[in-house]
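So the chains spell out like this:
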Amino acid sequence: MTIDQQSATRIARVLAEALPYIRRFRGRTVVIKYGGNAMVDARLKSGFARDVVLMKLVGIHPVVVHGGGPQIGRLLERIGKESRFVDGMRVTDAETMDVVEMVLGGLVNKEIVQLIASHGGRAVGLTGKDGGLIRARKLHIRRKGPELEQPEIIDLGHVGEVEAVDTGVVDMLVAGDFIPVIAPIGVGEDGRSYNINADLVAGRVAEVLQAEKLILLTNTAGVLDREGRVLTGLGPEEVDALIADGTIHGGMLPKVRCALEAVRAGVRAAHIIDGRVEHAVLLELFTDEGVGTLIRGEGP
Ligand SMILES: Nc1ncnc2c1ncn2[C@@H]1O[C@H](COP(=O)(O)OP(=O)(O)O)[C@@H](O)[C@H]1O
Ligand SMILES: CC(=O)N[C@@H](CCC(=O)OP(=O)(O)O)C(=O)O
């Protein structure tokens, strides 16, 4: 194959820009949360898989945690069940839990594993049940309305939060040059399955692995202000204010919360980026500008 002068110059420029980042991140772990809303078409899914395989090729260790909320919603709709969310969390009764487990642990997980395989990578799909990866406990949401004296406790059914992460199985896969692909299902002490928001799982996995980066791929350009502009360099105070005035709500709530937790707990950086942009992950990793919203820890 021959390449023309213009393409050769462009490739050389891209490589020169990427090289310092490749050197910096080699041997380090990057946790990528692949949201269901970012899995929109075959071209984008393929681009995502290619990026993950390329990272591995240059010596970075990607660990994928995926969502699949819209995919769960579609199957529930087919069986005549309505989806209901509280603060971005799906209310999950026993029947919904079965659907969640089938869609996340089966359909979506294996689709991503296969996508990575078709681009030359070796991925292994896991749920939090495999190798004792994610111990969960029931999540209780507390809400304090202006008219309430005591906070109201909302029962979301089989919705969990992460109690503990044992990354033994992930470490083993990474050491064997595999790419772990994790579905956000945890198991309680009682042996019950829990549906956990994928952002929360990604954040905790990144923490325990002390990842270089946590990258959350979603369907917006990042965290947006009321005028729709992308905000970046957000710390705890800014995030609190944006939640309080309602600018950040719904599905963006668990993202910003887990990103803040992760950077507080030692993950070097957390980013919320647009999964609808082709090669968004590589643009974030390997360009000076990066993309989307950077979440920072304490201080300016
Ligand atoms: N300030 C905000 N900036 C961007 N998106 C926001 C904001 N507040 C709420 N959202 C909502 O959060 C959604 C992303 O969360 P979610 O639907 O759970 O995506 P994912 O499937 O990627 O986890 C956006 O599509 C948007 O509707
Ligand atoms: C408790 C809870 O809400 N769990 C999520 C798990 C999937 C998920 O997080 O998917 P996205 O990342 O695509 O939103 C759900 O049932 O939709």
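This text follows the structure it describes.
On a predicted model such as this, the values are computed, not experimentally measured, just so you know. (Residues numbered from 1 in each chain as written. Chains lettered and ligands numbered in written order. Predicted model: local features only at pLDDT ≥ 70, side-chain atom pairs only at ≥ 80, totals over all residues. Heavy atoms only, no water.)

1. A word on the overall build of the chain
Turning to step 1, where the next piece is worked out: What the chain contains, in helices and strands, is nine helices and 15 strands.
Turning to step 2, where the next piece is worked out: The C-alpha atoms of the chain give 19 Å as radius of gyration, which agrees with the globular expectation for 300 residues (19 Å, within 12%).
Turning to step 3, where the next piece is worked out: For the chain, the residues scored as buried account for 52% of the 300 residues in total.
Turning to step 4, where the next piece is worked out: In the chain, the share of contacts with a sequence separation of at least 24, taken over all contacts with a separation of at least 6, comes to 74%.
Turning to step 5, where the next piece is worked out: About 14300 Å² of surface is accessible on the chain, with carbon and sulfur atoms providing 53% of the total.
Turning to step 6, where the next piece is worked out: Averaged over its 36 positive side-chain charges, the chain has a centre that lies 4 Å from the centre of its 40 negative ones. (Helix = DSSP H or I, 4+ residues; strand = E, 2+ residues; numbered from the N terminus. Rg over C-alpha atoms; globule rule 2.2 N^0.38 Å. Buried < 20%, exposed > 50% of the residue type's maximum accessible area, 1.4 Å probe, protein only. Contact = heavy atoms within 4.5 Å. Areas by Shrake-Rupley, 256 points an atom, 1.4 Å probe, with all protein chains shown as cover. Lys, Arg positive; Asp, Glu negative; His and termini not counted. Charge placed at Lys NZ, Arg CZ, Asp CG, Glu CD.)

2. Structural notes on the packing of aromatic side chains
Turning to step 1, where the next piece is worked out: Within this structure, the stated rule accounts for two aromatic pairs.
Turning to step 2, where the next piece is worked out: Ring centres of Tyr-34 and Phe-48 lie 3.7 Å apart, and the angle between their planes is 10°; on these two criteria the pair is classed as stacked. Of the two residues, Tyr-34 sits in strand E1 (residues 29–34) while Phe-48 sits in helix H2 (residues 42–57), which places them 14 residues apart along the sequence.
Turning to step 3, where the next piece is worked out: For Phe-48, a relative accessible area of 6% puts it in the buried group.
Turning to step 4, where the next piece is worked out: The ring of Phe-178 carries the charged tip of Arg-122 above its face, separated from the ring centre by 4.1 Å. (Phe/Tyr/Trp six-rings, centres within 6.5 Å; stacked < 30°, edge-to-face > 60°. Lys NZ or Arg CZ within 6 Å of the ring centre and 35° of its normal.)

3. Section: the sheet that holds strand E8 (residues 179–183)
Two orientations exist for strands paired in a sheet by backbone hydrogen bonds: parallel and antiparallel.
Turning to step 1, where the next piece is worked out: Reading across from one edge, E5-E8-E2-E1-E11-E14-E15 is the order of the seven strands in this open sheet, with mixed pairing throughout. One side of each edge strand has no neighbouring strand; the edge strands of this open sheet are strand E5 (123–127) and strand E15 (293–295). The average angle at which neighbouring strand axes cross in this sheet is 20°, direction not considered.
Turning to step 2, where the next piece is worked out: Bridge count between strand E14 (residues 269–274) and E15: three bridges; the pairing is antiparallel. Bridging across to E15, His-271 finds its partner in Leu-294.
Turning to step 3, where the next piece is worked out: Packing of helix H8 (residues 252–264) onto the sheet brings it into contact with E1, strand E11 (213–218), E14 and E15, and relative to E11 it is tilted by some 170°. (Pairing = 2+ DSSP bridges. Axes fitted to C-alpha atoms, helices over the stretch in contact; angles between N-to-C directions.)

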